[in-house]
Amino acid sequence: MVNERGLFERSLGLGNIVSIAEERDRPVTNPAQLIFHKDNKDFFQKIFGISESETKKMSDFERFSTLLGGLHLAVGSGLYEYICEMLGERRQDDPISLWRELTEEISSGDLSESGRKSDANIFPEPISTESFKEYLSRIFSMSGKNILVDISSLEFKRSDPYHTEKAYLDFLSGREYDKDLLLCGVLYKFCEHFKDSNICLTLYVEDNMENVELLVNYLLGRGVMPIAYIVCSSDCVGCAAEHICGVRENGDGETEILCGIGYRPCDTSISLAEAIKKLATVYPVGKLKLYGSRSNDLLFEVVDKIMKRGLCRAVSELSFCDAEAEAAVSTVLGTANHSNN
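This is a predicted model, so every value here is computed, not measured.

Before going further, it helps to spend a moment on the pattern of salt bridges. Applying the stated criterion across every chain, the model contains 15 salt bridges. We note a salt bridge from Glu105 to Arg90, for which the minimum N-O separation is 2.7 Å. With a gap of 15 residues between them, Glu105 in helix α6 (residues 95-108) and Arg90 in the loop between α5 (78-87) and α6 connect regions that are remote in the sequence. Asp178 serves as the salt-bridge partner of Lys157, at 2.8 Å between the closest nitrogen and oxygen. You can see Lys157 sitting in the loop between β2 (146-150) and α8 (161-172) and its partner Asp178 sitting in the loop between α8 and α9 (179-194), a full 21 residues away along the chain. On the basis of relative accessible area, Asp178 is assigned to the partly exposed category, the value being 28%.

So, in structure tokens, the structure goes:
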């Protein structure tokens, strides 16, 4: 059943958060490494006025204790909510004890990402020891229904078989090669191969809206666009819903392009709720997917809670949300009510 404004469906496709893996430079052994990865590397400069060169001279514990001492300065930021969610009910006035407690939990695996809950296979990078034919064969043999490709920095370029393979041969030989042309060409080959299957392509685009629109329109024009999710930042999700997503003509047929929001370190549950409420004016929120951090974030559950809290806040504040829609969201999220806290 759809309510009068058509924004919710009985079965909501929500709460399916995917972590988009990205390798860390070193194994995580202490709580500072959970916080200060490359997405947050300029945190000290912004909040405390401490330069990156000075930060590098500090030990992990010094950075951690300095952060706790000035955490109140970060109130309202995504990092503040992230850290508070990570610490939970633990006392924050004793950095040494807190450091030991969190370090023990990390070593025991309690704060690990063993259950990343990703439902997507990451699109593989080329390997310098395989031919172009072998690389395509490896891509075509990818198992699972959902395939994820990070195109957040892609510059769209029209490709053809000759120049795509030439770019790959340049890569193999160690020469300078056109990475964007190669990815566009391989993506086309992938979509052409799977155009008659039920595979779902998940494109992580962040804020790269112009290039993803060019890519999607190109694939649609060639009639090879599979069912796809466009995963963008909360700032761009409305633009994606209006200009890219929906049921689109795909050659002689049609295909559905759906919308997703990917978590960023600057996101808070409040900012996510505002983005979802704006999205509800142009897109059926029941088809929205929430995705985890682009970084290989060990605290999957922390990101998961922040994203879901934003969703619950949005649903509770949407004046047109009926009781059936709220009940459906509660079922999907496993929550008894829509708390804004």
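Back to the text.
Predicted coordinates in areas of low pLDDT are best not read in detail. Across the protein chain, pLDDT averages 79, with 77% of residues at or above 70. Per-element confidence in the protein chain is highest for helix α10 (residues 209-221), whose mean pLDDT is 95, and lowest for helix α14 (residues 323-333), whose mean pLDDT is 56. Confidence over residues 1-16 falls short of pLDDT 50; this stretch has 45 contacts with residues more than four positions distant or in other chains. Counting interchain partners and residues more than four positions distant, the pLDDT-below-50 stretch residues 335-341 has 15 contacts.

This part takes up the packing of aromatic side chains. Counted according to the given criterion, the structure contains eleven aromatic pairs. Both rings, one in Tyr168 and one in Phe171, keep their centres 5.8 Å apart while their planes meet at 50°; by these two values the pair is tilted. Placement of the pair is Tyr168 and Phe171 together in helix α8, with a separation of three residues, close to one helical turn. Each of the two residues, Tyr168 as well as Phe171, counts as buried. Between Phe190 and Phe194 the ring centres are 4.8 Å apart and the planes differ by 50°, which places this aromatic pair in the tilted class. Here Phe194 and Phe190 lie together in helix α9, a separation of four residues that amounts to about one turn. Among the residues examined, Phe194 registers a relative accessible area of 12% and is labelled buried.

Each value, and the rule that gives it
Residues numbered from 1 in each chain as written. Predicted model: local features only at pLDDT ≥ 70, side-chain atom pairs only at ≥ 80, totals over all residues. Heavy atoms only, no water. Salt bridge = Lys/Arg side-chain N within 4 Å of Asp/Glu carboxyl O. Helix = DSSP H or I, 4+ residues; strand = E, 2+ residues; numbered from the N terminus. Buried < 20%, exposed > 50% of the residue type's maximum accessible area, 1.4 Å probe, protein only. pLDDT = per-residue confidence, 0-100. Contact = heavy atoms within 4.5 Å. Phe/Tyr/Trp six-rings, centres within 6.5 Å; stacked < 30°, edge-to-face > 60°.

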